[in-house]
Amino acid sequence: MSPQKQRFGSDRPDRPAAGAETLRAVDLADLIEAERADVLSVSLDVDPSRPEHQGQNPAYRIWLRNALRQTLEAIPKEARREADELAQRILRYVETNRPRGRGLAIFAAPGLWREYVLPVPLPNRAQYGRPDVVPVLWAIDEYEPYAILAVGREHARILIAYLGRTSTVDEETLELD
């Protein structure tokens, strides 16, 4: 896995992913092109500022338990045991880790664990089969990066805003004659 993908997605639940500072569609290419149909994909709105997510048992956890149960019921019996293990792993992760963003996407399969923490909420979705990257792609497209030029009397700054965050690219001190 490239260093860039490790920043945004983690292959292990014990090694959490960082935020999505410059997440791009190309970072999801291996999931999009995957020829596997055994991936449990979950996207969640885990926005801690929402009242329904502030209690002991946040609404997204309740939704996730119910959605995973329904998803598992629709899976053929021969694949259900493996999918149930994946669902339990995802539930344990969500129940033991506090949200570090407003959106969370997890892709789990045998030999695969990828999570993306986003500073924007994602729609609640759970699906088994091919990786369901649509919610993450939507966020990437909806919140494209843009540049900000901030000029004052003595300083000029170039900032990049992306997915609800800004970072300084360059800063100069101005000398006026």
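Parameters at a glance
- Residues numbered from 1 in each chain as written.
- Predicted model: local features only at pLDDT ≥ 70, side-chain atom pairs only at ≥ 80, totals over all residues.
- Heavy atoms only, no water.
- Pairing = 2+ DSSP bridges.
- Helix = DSSP H or I, 4+ residues; strand = E, 2+ residues; numbered from the N terminus.
- Axes fitted to C-alpha atoms, helices over the stretch in contact; angles between N-to-C directions.
- Contact = heavy atoms within 4.5 Å.
- Polar contact = N/O pair within 3.5 Å; in protein donor to acceptor, adjacent residues only side chain to side chain.
- Phe/Tyr/Trp six-rings, centres within 6.5 Å; stacked < 30°, edge-to-face > 60°.
- Buried < 20%, exposed > 50% of the residue type's maximum accessible area, 1.4 Å probe, protein only.
- Parallel < 35°, antiparallel > 145°, perpendicular 65-115°, else oblique.
- Nonpolar A, V, L, I, M, F, W, Y, C, P; charged D, E, K, R; others polar.
- Core = buried A, V, L, I, M, F, W, Y, C linked by side-chain atoms within 4.5 Å.

## Re the sheet that holds strand β2 (residues 103-109)
- In spatial order, the strands read β3-β2-β1-β4; together these four strands make up an open sheet with antiparallel pairing. Unpaired on one side and paired on the other, β3 (112-118) and β4 (125-129) mark the two borders of the sheet. Across this sheet, the average inter-strand angle for adjacent strands is 10 degrees, counted without regard to direction.
- Packed on one face of the sheet, helix α4 (residues 77-96) meets β1 (39-45), β2, β3 and β4 and runs near 145 degrees to β2.

## Some points on the sheet that holds strand β6 (residues 155-162)
- Read across the sheet, three strands follow the order β5-β6-β7 without closing on themselves; strand pairing throughout is antiparallel. Among the strands making up the open sheet, the edge pair consists of β5 (146-151) and β7 (165-173). Across the sheet, the mean angle from the axis of one strand to that of its neighbour is 20 degrees, orientation sign disregarded.
- As paired strands, β6 and β7 are joined by eight bridges and run antiparallel to one another. Residue pairing across strands places Tyr162 opposite Arg165, the latter belonging to β7.

## Here's the deal with the side chain of Asp132
- Mapped onto the elements of the fold, Asp132 is located in the loop between β4 and α5 (134-142).
- A polar contact is formed between the side chain of Asp132 and the side chain of Arg125, at a distance of 3.0 Å.
- Other than its neighbours up to four places away in sequence, Asp132 contacts Ser41, Phe107, Arg125 and Gln127.

## Focus: the packing of aromatic side chains
- Using the criterion set out here, one finds two aromatic pairs in the structure.
- Residues Tyr93 and Trp113 carry aromatic rings whose centres are separated by 5.6 Å and whose planes lie at 65 degrees to one another, so their mutual orientation is edge-to-face. Here the residue Tyr93 occupies a position in helix α4, and Trp113 occupies one in strand β3, the gap between them amounting to 20 residues. No difference in accessibility class separates Tyr93 from Trp113, as the two residues are buried.
- Relative to Tyr116, the ring of Phe107 lies with its centre 6.2 Å away and its plane at 70 degrees, an arrangement referred to as edge-to-face. Exposure class is identical for Phe107 and Tyr116. Each is buried.

## Topic: the packing of helix α3 (residues 59-73) against α4
- It is the contact of α3 with α4, at a shortest axis distance of 10 Å, that shows an interaxial angle of 175 degrees. Taken together, the axis directions place α3 and α4 in an arrangement best described as roughly antiparallel. Here Tyr60, Arg61, Leu64, Arg65, Leu68, Leu72 and Glu73 of α3 lie close against α4, whose contacting residues are Arg80, Ala83, Asp84, Ala87, Ile90, Leu91, Val94 and Glu95.
- Of the residues in the contact of α3 with α4, the class split is nine nonpolar, no polar and six charged.

## A short note on the nonpolar core
- In terms of nonpolar packing, the biggest core is built from 22 residues, with Leu44, Leu64, Ile90, Val94 and Leu104 touching the most fellow members.
- Among the elements of the structure, β1, α3, α4, β2 and β3 are those that each provide at least two residues to this core.
- Residues contacting Leu44, with those up to four places away along its chain left out, are Tyr60, Trp63, Leu64, Val94, Arg102, Gly103, Leu104, Leu122, Pro123 and Asn124.
- Counting residues in hydrophobic clusters, the runner-up holds 17 residues, among them Ala109, Tyr116, Val136 and Tyr162.

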